[in-house]
Amino acid sequence: MRSVTTALQVLEAVAVNQPVGLSALTRTLGLPKTTVQRSLATLAESGWIEQQAGTGRWQVGVRAFVVGSAVGARGGLHSAALPTMRDLGSEVGETVHLMVPAGREVVLVERVDSPQPVRAVAPLGARGPLHATSNGKAVLAALPQEDVDAYIAGGLPAVTPHTITDPDRLRAELRAITEAGFSVCREELEEGVVSVGAAVHPGHGRPVASLSISGPKSRMSPELLTPYGEKVRLAAEAIAFALPVGADVP
């Protein structure tokens, strides 16, 4: 039982401090380094945590988000978001994604599918880099400048030929997102898919999630991006307003 309790303590510490290194975890928990290492290895093997590429720091894994989503469905973010997501999906006829930030990525925790036979669909737990998704860019634009600088310093790998990999271009885009209130992703994560997104920000601290409308490039035409962007911005604001005060979110 002691090993289970220790592993849960390590998981909680990673979730609170992610991305976090072994030395910082050892100091935070006040546990022997070898004990923390064993717990990290066990949690990583079962998918609860994972290491960031390049830095070796730890962050929560897909399994933690899947379980968090199930818990969140009882209240908090999911109950606040789903009615608005359904309304938005019915209005635009495209897939609506709700994602939460996790280190250098966003993770899909809820989805309302388009009724169209050809649609943009990702499985729950799917992840994408902050700089290569509309959800992620909306989150990045809402972060403090020092966090943006740290993210860019970690590299901007290309996912598709359309991914923004130039730091100056990304900074300019983030400024435009801040001004417009929504982001646009033009085939930067998946070729043929276009999306618009907005951060779900409760008005204090960091954004807790982001919302997006995604669809095939053939339907997400350039003239629709601004009106859809306004719709997703208003929907994200409605979700933020509906969040219970002090509610935990996945």
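Everything numeric in this text was worked out from a predicted model, so none of it was measured.

**Student:** Just checking my understanding: could you explain the nonpolar core for this structure?
**Tutor:** Counting 33 residues, the largest nonpolar core has Leu 88, Leu 98, Val 200, Leu 211, Ile 213 and Val 232 as the members making the most contacts within it. When residues of this core are traced back to their parent elements, those giving at least two are helix H5 (77–92), strand E3 (95–102), strand E4 (105–112), strand E7 (193–200), strand E8 (209–216) and helix H9 (222–242). Beyond its immediate sequence surroundings of up to four residues, Leu 88 is in contact with Val 96, Leu 211, Ile 213, Lys 231, Val 232 and Ala 235. Residues Val 139, Tyr 151, Leu 174 and Ile 177 belong to the second largest nonpolar core, which totals 16 residues.

**Student:** What am I meant to see in the sheet that holds E3 here?
**Tutor:** Sheet strands associate in pairs through backbone hydrogen bonding, adopting either a parallel or an antiparallel arrangement. Spatially, the six strands line up as an open sheet ordered E5-E4-E3-E8-E7-E6, and their pairing is antiparallel. At either margin of the open sheet sits one strand with a lone partner, and together these are strand E5 (127–129) and strand E6 (183–186). In this sheet, adjacent strand axes meet at a mean angle of 30° when their direction is disregarded. Note that E3 and E8 share five bridges and pair antiparallel. Opposite Met 99, over in E8, you have Ser 210 as the bridge partner. Together, E6, E7 and E8 form the strand contacts of H9, whose direction differs from that of E7 by roughly 35°.

**Student:** Honestly, the pairing of E6 in this entry has me stumped. Any pointers?
**Tutor:** In the case of a regular strand, side chains alternate between the two sheet surfaces. In this structure, E6 lies alongside E7, joined through four bridges in antiparallel fashion. Within the sheet, the bridge partner assigned to Val 184 lies in E7 and is Val 196.

**Student:** In this structure, what is going on with the pattern of salt bridges? I would like to understand it.
**Tutor:** Inspection of every chain in the model, using the stated rule, returns twelve salt bridges. Ionic pairing is found between Lys 137 and Glu 173, a salt bridge with its closest N-O pair at 2.5 Å. Placement of the pair is Lys 137 in helix H6 (residues 134–141) and Glu 173 in helix H8 (residues 167–180), with a sequence separation of 36 residues. Overall, Lys 137 belongs to the buried group, its relative accessible area being 0%. A relative accessible area of 17% means that Glu 173 is categorised as buried. Across the pair Glu 187 and Lys 217 runs a salt bridge, and its minimum N-O distance is 3.3 Å. Of this pair, Glu 187 sits in the loop between E6 and E7 while Lys 217 is found in the loop between E8 and H9, placing the two residues 30 residues apart along the sequence.

What counts as what
Just so you know, the residues in each chain are numbered from 1, in the order the chain's sequence is written. This being a predicted model, a pLDDT of at least 70 is required before a residue's local features are given, and a value of 80 or more before pairs of side-chain atoms are given or counted; all residues contribute to the totals for chains, interfaces and linings. Calculated side-chain values reflect all of the structure's heavy atoms, with hydrogen atoms and water omitted. Residues belong to a common nonpolar core when they are buried Ala, Val, Leu, Ile, Met, Phe, Trp, Tyr or Cys residues joined through side-chain atoms within 4.5 Å. Any residue under 20% of the maximum accessible area for its type is buried, any over 50% is exposed, and the rest in between are partly exposed; the area is computed with a 1.4 Å probe on protein chains only. Strands are runs of DSSP state E lasting at least 2 residues, helices are runs of H or I lasting at least 4, and numbering of each runs from the N terminus. Contact between two residues is taken to exist if any of their heavy atoms lie within 4.5 Å; hydrogens are not considered. For two strands to be treated as a pair, DSSP must find no fewer than two bridges joining them. Between the N-to-C directions of two axes lies an angle of 0 to 180 degrees, each axis being a line fitted to C-alpha atoms and, for a helix, fitted only over the stretch in contact. A side-chain nitrogen of Lys or Arg and a carboxyl oxygen of Asp or Glu constitute a salt bridge if their distance falls within 4 Å.

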